[in-house]
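Descriptive analysis of the structure
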Amino acid sequence: MTPRLGSAQDTGPDVTTPAGGGGEGRQRPREEARPVALAELMSTVPLGMAIIDPELRFVEVSEAMAAMNGVPREAHLGRPMEEVLGAAPSGRDVIRRVRRVLETGEPLEGVEIIHREQGGGVERSRVYRASYHPVRRDGQVVAACIYVEDMTERRRVEAQRDAGAARERAVREQALRETQEAVRARDEFLSVAAHELRTPLTSLRLHLQLLQRQVNTSQPALAEELVPRAQVLERQLSRLGNLVNTLLDVSRLAAGKLSLEPREMDLALLVRQMAEAFSEEFHRAGSELSLHVDGPLMGTWDPLRVEQVLVNLLSNAAKYGAGRPVEVSLVGDGRTAVLAVKDHGIGISEDGMARLFGKFERAVSERHYGGLGLGLYITRQIVEAMGGSITVRSAQGQGSTFILRLPTQPQTARLAQASR
Ligand code: ADP
């Protein structure tokens, strides 16, 4: 005999089926202690549930499942699945899976079913997730139970969230592309502008020199009178030249084209020469410059680039030194040269220190101190390209000390020596 589900003996006192009539003639338990009947559960549980007997008939079905099938609950009970579900492909799939569970006794978990509905000329689809479990009695499979969850709303929310995330990602990517493009356009502009500015600058310098020579020979008295003006012109031209060179360096750095031409040189000598060249600027700023530099300090560096670094550090010390003394010291241990430029000026805030060596970064307002905010950026790039480092110790109003460490030999040469 095929085991049947739903008889009074089978289900026991706590679960009854509508067709089985279990419980008649039996003493009813007290009302408040009466266990929940299967039929009661099925008519209230908000989950799609069905129990199918081995002949593929509906033994029980929840109201929620009946609603999903579009057939009243009562019209399911005791009827073959094929009749209730009709010939729709999704119905056939469900029957096939139930048959498999009944035959193999193996559950099938989380099977997704997409159900297309026509209504008002619009096709809507609903997504269900079904699990099929065998129901056993004494080790024998006596029924299959189907649990179905309506996933439509959850999937719609997930799809909306995914679409939102994709939109956000697209907006972020677009913003990044636009920023990169703006940076590229700026670097290209800098490069073109710097090259274009060099030509008239060179011509201006040449004409100034010619003018000075002509006045010197034809009207020496006037030449004498014009000396201060000529000096101002030279100074301004040289400032302009430095600004243009700075712009050129930035565009070279952006293009990765900053090149070094290292050769054997005496850093102590260069530091003394630069201090001499800056004496007038320190004098104008009201700062006294003291130098602590001993003997020659030999190393392999690009002299023009080291000079550029010194120009930046010394001109900053004069500019931000608040007219107080500035000390420059240089020491070396044969492997590394350490240069310190110490001022007692306006100092740098903590926030400023974090940004100092960045491109176009300034720690003070340009209304009070002119400058492009590029000097320390270029300095750091040059120093690091030489295998060295630059650090700063400072506090607002307490002055600043910039410390430069440069290996005396280029990194690769040192490695080659070490492996010898
Ligand atoms: P610039 O001087 O052209 O603005 P720099 O890159 O040389 O650009 O310097 C960046 C910023 O660092 C300056 O704007 C200034 O705020 C700060 N700074 C540099 N050197 C000093 C210093 N010696 N004392 C105080 N602040 C300094």
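Everything below is about the structure shown above.
The model shown is predicted, which means the values in this text are computed figures rather than measured ones. (Residues numbered from 1 in each chain as written. Predicted model: local features only at pLDDT ≥ 70, side-chain atom pairs only at ≥ 80, totals over all residues. Heavy atoms only, no water.)

What about the pairing of strand 2 (residues 58-61)?
Our working rule: Strands qualify as paired when DSSP identifies two bridges or more between them. Numbering of helices and strands runs from the N terminus; a helix is a DSSP stretch of H or I covering at least four residues, while a strand is a stretch of E covering at least two.
Where strand 1 (residues 48-52) meets strand 2, three bridges bridge the pair, whose relative direction is antiparallel. By the bridge assignment, isoleucine 51 is partnered in strand 2 with glutamate 60. Taking the residues between adjacent antiparallel strands as the criterion, strand 1 and strand 2 are bridged by five residues, where leucine 56 takes a positive phi near 60°.

Looking at the site of the ligand
How we decide: Proximity is defined per residue: if any heavy atom of the residue lies within 4 Å of a molecule or strand, that residue is considered near it. Think of a polar contact as two N or O atoms within 3.5 Å of one another; within protein, one of them needs to be a possible hydrogen donor and the other a possible acceptor, and neighboring residues in sequence only count if both atoms come from side chains. Accessible areas in this description were obtained via Shrake-Rupley with a 1.4 Å probe; residue shielding takes into account the shown protein chains only.
Tyr320, Asp343, Arg362, Ala363 and Leu376 are the nearest of the 21 residues found near the ligand. Glycine 373 places a polar main-chain atom, nitrogen or oxygen, 3.2 Å from an oxygen atom of the ligand. The backbone of leucine 376 places a nitrogen or oxygen atom 2.7 Å from an oxygen atom of the ligand. A total of 530 Å² of accessible area belongs to the ligand in isolation, and the protein chains cover 97% of it. At the level of elements, helix 10 (303-320), helix 12 (375-385) and strand 12 (400-407) are the ones that each hand at least two residues to the shell around the ligand. It is helix 10 that provides the largest number of residues to the shell around the ligand, a total of four residues.

Section: the pairing of strand 9 (residues 326-332)
Pairing analysis gives five bridges linking strand 7 (residues 289-293) to strand 9, with the strands arranged parallel. Paired with histidine 292 across the bridge in strand 9 is serine 329. Sheet topology places strand 9 next to strand 10 (residues 336-343); seven bridges connect them, and they run antiparallel. Note on strand 10: the bridge partner recorded for valine 331 is valine 338.

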